[in-house]
Amino acid sequence: MKMSAAAVALAFALVLANFANQCHGALQEGFYKGKCNVDVEKIVSGIITPLVGQKPWITPALLRMQFHDCFVKGCDASILLDGSSSEKTAPPNLSVRGYDVIDLVKAAIEKMCPGVVSCADVIVMATRDAVAASKGGWYSVQTGRRDGLVSLATNVNLPGPSVSVENSTAIFNSKGISTEDMVYLLGGHTVGVTHCSLFKDRLYNFNNTGRPDPTMQPSLAFFLRLRCPQSSTVDNTVNLDQGGSSADLLGEPTSNTVDNSFYKQIVFHRGVLQIDQALALHQLTKDTVNTVAFAPNDYFLTKFQQAMVKLGAVEVLTDAQGEIRKSCRATNF
């Protein structure tokens, strides 16, 4: 039976509608193409790349921000909202930095393309560009997220630095992130610092034994005790990646570079945080750690980038959900 031109057109329209429904709600690369008269991602990289060159702390700050955002009710920029009881006020978030960096990027985008780009997408794009600027390689990210309307400190329940591998695995798995990807994401500790208070027990009174953690290399423990005296009232910071520290004979300083040095350090019992060191020792994770530590650096970069994309897809809002905030610090109403 021969179909009329009208019938053919109707059938084609139904196919297109079905295809659109299948794509409905999904993040996609290049989501903003055609929605603005400017290249949104180029605006972001144009701000972030030179900033990281001036302030290397931006990379670990944004990595941490994305993690803290995505693990609390999904990647919806709820961590950016101000308020007396917002997520910012929860203890794990009091040391989160980089809000002004996101504000700067958002303001530049709003000037050129108002009301279109979400703060949630700004976090993901800015973090990607910071990683690239820290020699972590550029990778494509999906966009199309919308911003959440709720931000409560009571919703913040993040794994701490002394969490067990089993509990950490369970938390990551509950977000749809595999154990292997958890190991790759914790490789973000290749940059940044931590405070003495978060690991001092490993130096002096591990598990209330009155002794240091036996899994920490003695030379590192000695060096860290100099930086973190037991009776000190000052909460100093140390690099999470100890490559190139005065107690390290393994290579050049890499604390501002996204690379696999972190894994080499924990293989040699030079992890600072308890969870970091445990990754190299536990049956669930040590094989992945060893593979990454002794593989070419590009292997880690590829795995890390892929894991970051998966993190960015956790419980996202799309389509008519949420909103596109004018200011990342406040909802539109």
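One can find the structure itself at the top, above this paragraph.
Only a predicted model underlies this, so the values are computations on that prediction, with no experimental measurement involved. (Residues numbered from 1 in each chain as written. Predicted model: local features only at pLDDT ≥ 70, side-chain atom pairs only at ≥ 80, totals over all residues. Heavy atoms only, no water.)

*Asks:* How should I be thinking about the environment of Q283 in this particular structure?
*Replies:* Here Q283 lies in the loop between α11 (274-279) and α12 (286-294). The spacing of Q283 and V165 is 118 residues in sequence and 9.4 Å in space, taken between C-alpha atoms. (Helix = DSSP H or I, 4+ residues; strand = E, 2+ residues; numbered from the N terminus.)

*Asks:* Could you clarify how one ought to interpret the packing of aromatic side chains in this entry?
*Replies:* The geometry of two aromatic rings is summed up by the distance between their centres and the angle between their planes. Scanning all chains against the criterion turns up seven aromatic pairs. Chaining the aromatic ring pairs together yields one cluster made of F262, Y263, F300 and F304. Positioned over the ring face of W57 is R97, at 4.2 Å from the centre of the ring. (Phe/Tyr/Trp six-rings, centres within 6.5 Å; stacked < 30°, edge-to-face > 60°. Lys NZ or Arg CZ within 6 Å of the ring centre and 35° of its normal.)

*Asks:* Please explain the layout of surface pockets as it appears in this structure.
*Replies:* By rolling a water-sized probe across the atoms, one finds the places where empty space is left. Approximately 1100 Å³ is the volume found for the largest pocket. Every residue lining the largest pocket is counted, 42 residues in all, and those nearest its centre are R64, H68, H189, V193 and L240. At six residues, the largest contribution of residues to the lining of the largest pocket is made by helix α3 (residues 58-70). G30, K33, D39, V40 and E41 are the residues nearest the centre of the second largest pocket, which is lined by 16 residues in total. Considering each element in turn, the lining of the second largest pocket owes the most residues, four residues, to helix α2 (residues 40-54). Partitioned by chemical class, the residues of the lining of the second largest pocket number six nonpolar, four polar and six charged. (1 Å grid on protein atoms, 1.4 Å probe; cavity = no way out; pocket = protein on both sides within 12 Å on 5 of 7 lines; lining within 4 Å. Points joined across faces, edges and corners; volume = space filled by probe spheres on them. Nonpolar A, V, L, I, M, F, W, Y, C, P; charged D, E, K, R; others polar.)

*Asks:* What am I meant to see in empty space enclosed by the protein here?
*Replies:* Enumeration according to the criterion identifies one cavity of 30 Å³ or more in this entry. Counted as a void, the largest cavity has a volume near 30 Å³. Considering the residues around the largest cavity, the lining is formed by V124, V141, Q142, R145, M308, V309 and G312. Here the lining of the largest cavity is built from residues that sort into four nonpolar, two polar and one charged.

*Asks:* Would you explain unusual backbone geometry in this entry?
*Replies:* With the exception of glycine, most residues fall at negative phi, and the peptide bonds are largely trans. We note that A77 has phi near 60°; this positive angle belongs to a residue other than glycine. Locating A77 in the fold gives a position in the loop between α3 and α4 (99-112). Given the relative accessible area of 0%, A77 is considered buried. Despite not being glycine, N207 has its phi angle at roughly 50°, a positive value. Its location among the elements puts N207 in the loop between α8 (200-204) and α9 (218-227). (Buried < 20%, exposed > 50% of the residue type's maximum accessible area, 1.4 Å probe, protein only.)

Limitation: the analysis is restricted to geometry and does not speak to function.
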